[in-house]
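# Observations on the three-dimensional arrangement
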Amino acid sequence: MSLKVLDQGETQGAKVAHTGESWLTTTFDKVEDWAQRHSFWPFPFGTACCAIEFMSSVSSHYDMARFGSEVVRFSPRQSDLLIVAGTINDKMAPVLKKIFDQMAEPKWVVSMGACACSGGFYRAYHVMQGIDEIIPVDVYVPGCPPTPEGLMYGIFQLKEKVLRDRKKYARESQTRVQEEPAAAAG
Amino acid sequence: MSTAVTEAPSFLDRYPAGSILPQEGMDQPTWVVSRDVLADVARDLRDDPSTEFDLLLDVCGVDYPDREERFEAVYHLYSLPRNERLRLKVPLTEEDPTLPSLIPVWKAADWFEREAYDMFGFRFEGHPNLRRILTHDAFQGHPLRKDYDATRRWILTEDKIYRPKLQVPEDVADDMFERMTINIGPSHPAMHGTFRVVAELDGETIVASEVEIGYLHRCFEKMCETHTWQHVIPYTDRLNYCSSFINNVGYCRTVEKMLGIEPPPKAVWARTILSEFSRIMDHCVCNGSTLVDAGALTNFWYYFQPREEIYGLLEACSGARLTVSYGRIGGLSQDLPPDFEARCRRLLEIIPPFIDDVEQLIDKNGIWHKRAVGTAAISAEDAVNWGWTGPCLRASGVGYDVRKARPYDLYDTVEWEVPVFHGGDVYDRYRVRNAEIRQSLSIIRQLLDRGMPEGRHIVDDPHVALPPKEACYNQMESMIYHFKLIMDGILVPPGERYDMVEGANGELGFYIVSDGSSKPYRIKVRPPCFPIFSTFSDLIEGASVSDVIVTLGGLNVIAGELER
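In this text, all values refer to a predicted model and were calculated from it rather than measured experimentally. (Residues numbered from 1 in each chain as written. Chains lettered and ligands numbered in written order. Predicted model: local features only at pLDDT ≥ 70, side-chain atom pairs only at ≥ 80, totals over all residues.)

A count of helices and strands for chain A gives 7 helices and 7 strands. Scanning chain A from its N terminus toward the C terminus, one meets helices and strands in the order β-α-β-β-α-β-α-β-α-β-α-β-α-α. Considering chain A as a whole, with its 186 residues, one finds that 40% of them fall into the buried category. Summarising the internal contacts of chain A: among those between residues at least 6 apart in sequence, 75% fall at separations of at least 24. (Helix = DSSP H or I, 4+ residues; strand = E, 2+ residues; numbered from the N terminus. Buried ≥ 20, exposed ≤ 12 C-beta atoms within 10 Å, placed from the backbone. Contact = placed C-beta atoms within 7 Å.)

Turning our eyes to something else, we now look at the domain arrangement of chain B. Residue and element names in this part refer to chain B. Domain assignment breaks chain B into domain 1 (4-125) and domain 2 (220-563). Just the C-alpha atoms count here: the centres of domain 1 and domain 2 sit 28 Å apart. Contacts between domain 1 and domain 2 engage 19 residues on the former and 19 residues on the latter. Secondary structure elements with two or more residues in the side of domain 1 that touches domain 2: strand 3 (55-63), strand 4 (71-79) and helix 2 (109-120). Top element by residues in the side of domain 1 that touches domain 2 is strand 3. It accounts for 6 residues. (Domains from an automatic or database assignment.)

All names here are of chain B. What the 3 strands build is an open sheet, ordered 13-14-15; its pairing is antiparallel. The outermost strands of the open sheet, each flanked by one partner alone, are strand 13 (495-502) and strand 15 (522-526). For this sheet the average axis-to-axis angle between neighbouring strands, irrespective of direction, equals 15°. Pairing geometry for strand 14 (residues 507-514) and strand 15, over 5 bridges, is antiparallel. What sits directly across from Tyr-511, in strand 15, is Lys-524. (Pairing = 2+ DSSP bridges. Axes fitted to C-alpha atoms, helices over the stretch in contact; angles between N-to-C directions.)

So, about the sheet that holds strand 5 (residues 81-85) of chain A. All names here are of chain A. Strand order in the open sheet formed by 4 strands is 4-5-6-7, with parallel pairing between adjacent strands. Of all the strands in the sheet, the pair left with one neighbour each is strand 4 (42-46) and strand 7 (139-141). Geometrically, the sheet is characterised by an average inter-axis angle of 15° between neighbouring strands, direction not taken into account. Where strand 5 lies against strand 6 (residues 108-112), 5 bridges are found, and the strand directions are parallel. Bridging from a neighbouring strand, Val-84 pairs with Ser-111 of strand 6.

This next bit is on helix 1 (residues 38-47) of chain B. Among the residues making up helix 1 of chain B, those that are buried are Leu-38, Val-41, Ala-42, Asp-44 and Leu-45 of chain B. Each buried residue of helix 1 of chain B sits inside an arc of 165° when the element is viewed along its axis, so together they form one side. (Arc of directions from axis to C-beta.)

Formed by 205 residues in total, the largest nonpolar core has its most connected members in Ile-83, Val-84, Val-110 and Met-112 of chain A together with Ala-73 and Leu-77 of chain B. Looking at this core element by element, the count peaks at 13 residues for helix 6 (residues 265-293) of chain B. If we ignore the near neighbours within four places in the chain, the residues touching Ala-73 of chain B are Val-59, Gly-61, Val-90, Leu-92, Leu-99, Ala-116 and Phe-122 of chain B. (Core = buried A, V, L, I, M, F, W, Y, C linked by C-beta atoms within 7 Å.)

Before going further, it helps to spend a moment on the confidence of the model for chain B. Residue and element names in this part refer to chain B. Residues of chain B with pLDDT of at least 70 account for 97%, and the chain-wide mean is 89. Summarising per-element confidence for chain B, the mean pLDDT is lowest in strand 8 (residues 179-184) (85) and highest in helix 13 (residues 426-450) (93). With pTM at 0.88, the complex prediction returns an ipTM value of 0.86. (pLDDT = per-residue confidence, 0-100.)

Turning our attention to the interface of chain B and chain A. At the interface, 41 residues of chain B touch 34 residues of chain A. Of all elements in the fold, only helix 3 (220-225), helix 7 (297-318) and helix 19 (559-563) of chain B reach the threshold of two or more residues within the side of chain B that touches chain A. In terms of residue count, the dominant contributor to the side of chain B that touches chain A is helix 7 of chain B (5 residues). For the side of chain B that touches chain A, a count of residues per class yields 20 nonpolar, 12 polar and 9 charged. (Nonpolar A, V, L, I, M, F, W, Y, C, P; charged D, E, K, R; others polar.)

Looking now at the confidence of the model for chain A. Residues and elements named next belong to chain A. Scored by pLDDT, chain A comes out at a mean of 78, with 77% of its residues at no less than 70. Within the model, the stretch residues 1-12 combines pLDDT values under 50 with 15 contacts to residues more than four positions away or in other chains. Residue range residues 177-186 is modelled with pLDDT below 50. Its contacts to residues more than four positions away, or to other chains, number 9 contacts.

A few words on the packing of helix 3 (residues 49-58) of chain A against helix 6 (residues 148-164) of chain A. The packing of two helices is summarised by the inter-axis angle and the distance between the axes. Residue and element names in this part refer to chain A. Running from N to C, helix 3 and helix 6 cross one another at 75°; their axes reach a closest spacing of 9 Å. Considering their axes alone, helix 3 and helix 6 lie roughly perpendicular with respect to each other. Together, Glu-53, Phe-54, Ser-56 and Ser-57 of helix 3 and Pro-148, Leu-151 and Met-152 of helix 6 make up the contact between the two elements. Taken together, the residues of the contact of helix 3 with helix 6 sort by class into 4 nonpolar, 2 polar and 1 charged. (Parallel < 35°, antiparallel > 145°, perpendicular 65-115°, else oblique.)

Below, the discussion takes up the environment of Val-324 of chain B. Residue and element names in this part refer to chain B. Relative to the assigned elements, Val-324 resides in the loop between helix 7 and strand 11 (327-328). Each C-alpha atom, one on Val-324 and one on Asn-248, is 8.7 Å from the other, the two residues being 76 residues apart in sequence. Ignoring anything within four residues of it in the chain, the contact list for Val-324 reads Asp-237, Ser-244, Phe-245, Leu-314 and Ser-318.

Next up on the list: the pairing of strand 1 (residues 20-23) of chain B. Of the strand pairs in this sheet, strand 1 of chain B and strand 2 (residues 30-33) of chain B are connected by 4 bridges, and their pairing is antiparallel. Residue pairing for strand 2 of chain B: Gln-23 of chain B is matched across the bridge by Thr-30 of chain B.

Residue and element names in this part refer to chain A. Of all 5 residues making up strand 4, 5 are buried, and the element is well covered by its neighbours. Across the two faces of strand 4 the burial is the same, with Pro-42, Pro-44 and Gly-46 and Phe-43 and Phe-45 all buried. Across 5 bridges, the pairing between strand 4 and strand 5 is parallel. Residue pairing in the sheet places Pro-42 in a bridge with Leu-81 of strand 5. The handedness of the strand 4 to strand 5 crossover, carried by helix 3, is left-handed. (Right-handed = clockwise from strand over helix to strand, strands pointing away.)

Rendered as structure tokens:
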């Protein structure tokens, strides 16, 4: 596998070896990572206030497309990044789980906002206390709601993680063990 | 407000003595009605020419475990022709919380009664579909009863998800097409993430449908009961998160009335201006997303730019863009920024060109006309019976606006009009919102010309507002007040009150019951889009699937407010 031109900014982490003036060699995995990290296809699982800030992030003022998260897709089959924006309650939980299961590997999850991360200030009878009760999360973006800058920073962090983390196909063990809320509440 | 209803309309003589008792000392006329006569009283109240209560605003329950008759079902009524309000209370026992359904009188009762069943376990006799609406199908118990633990959760597994069995009317059978049942949502871009419609299709025509909500029910009302009065404000932000400041104002005004305090002129002035900016933002989101759902993407960008600019103003005031929490009981959380007026004036220049652009692009656009004109049209009479308020009602030809009918803040001191259109369809709902944006701009301009009032941003009352930091460190008295406010919070005198503001979607009401402690006893929000969305099934039946999309956008249903 070889690439003809790879600009300087994109080579970091790829550990390329120059063999000639305009040739370099690398592994397929590295190139795959490099491609993936610059072309997320997000699935916006927006339910609440965070979804409005997500809309701000992708509309003209902030324009997340500048960083290669251009193609927002509403089909889980066509997307590789699940952005959970908003409160997930117990009624929504099976839906979220199903959407996540329908996405093809490799896939990543960004938990946007306090509610998705931990239930936020809704410590209540119908609200999931963080989506990591049911699905694994790669990046937690705090804020209520996070600013678009915050979300973008989260996605940059994810880009770094895609290069670093080679375990992306084996993530079963990462879900927080679900406690029986009945027992937790006493 | 006039008190005509307390003068006992003539039909009262027909009921047995003691079945209807007026309650004295309330913020609005209140009757305690026995459940045996409720259905007849309701019909009389609607039809009698001396009352004409044509709008059922809200149905809710309150739980008083210490009373002999533990529950109280509370109805809020409004008469459009007479501009009067009435509250009905129906006491119920724990053993037998049944009462007649009022759907035959007001269709708006449908979802409100389901909610009261879900939250309190009231059984409405004669309700055609009395099942849970906000909580999920594996849920047990009734969460707003006082003995329900606020953190007690139930797990919903996939096999228990509700699957409606639709009743198809026989006369629509058409042998040409095969019947198909489709499920739209909740995770569907056109369903705004949280609504679910199950529709039976005949070809492309919807012949039967059922709407399922509750995918964003996050227990606002229970959370209010576990937090102090000031702590409720951030929760109100997240009701209608597209115009969160209006929610702050609605809640704070109601509590201020209960406390008997008046916010200073500067706070009232700023509240009016920021409420109008919030309304503009909300209408921008609604129209923008309706148009993007209809395929007119450019307008979405045009509408979102003014929003970003208004975010800048709110951020300068409160530090937050979306969920501002800028209102406080007694005023505002902090003083206005020094360049507040200059920023507002700049916004007044920036916003109109964007609206002009959209109108030039869209108002006469053939595709938009085909999609929107006549789609999901509703008559004024039906809209009122379904409990509609706000821009959607004004698109059907009823010019009801809380800001005119019962002016608050500074709305009676400025000149403005209530835009009314008569088509009642998606197109007129879109036009009403554009016209309201212009009215809001005019209100803001007049207030800015008047100049910012001098003085404090919050009342100078140490029982309500924190003393300045400087004084807390240097004066014993201020330190004590600071300690008391932080530890105990505000103490609101016992009583109850229903107060309302004109939210971006319609009448946003807060029904608050206080028992005198530092936490609210009960807060019921009257969400304007709840009765509007309850009509959805009726609106889309007979229409095509693509009409569902534009209809939903035009109604501006905000999940946070709908499901709380």
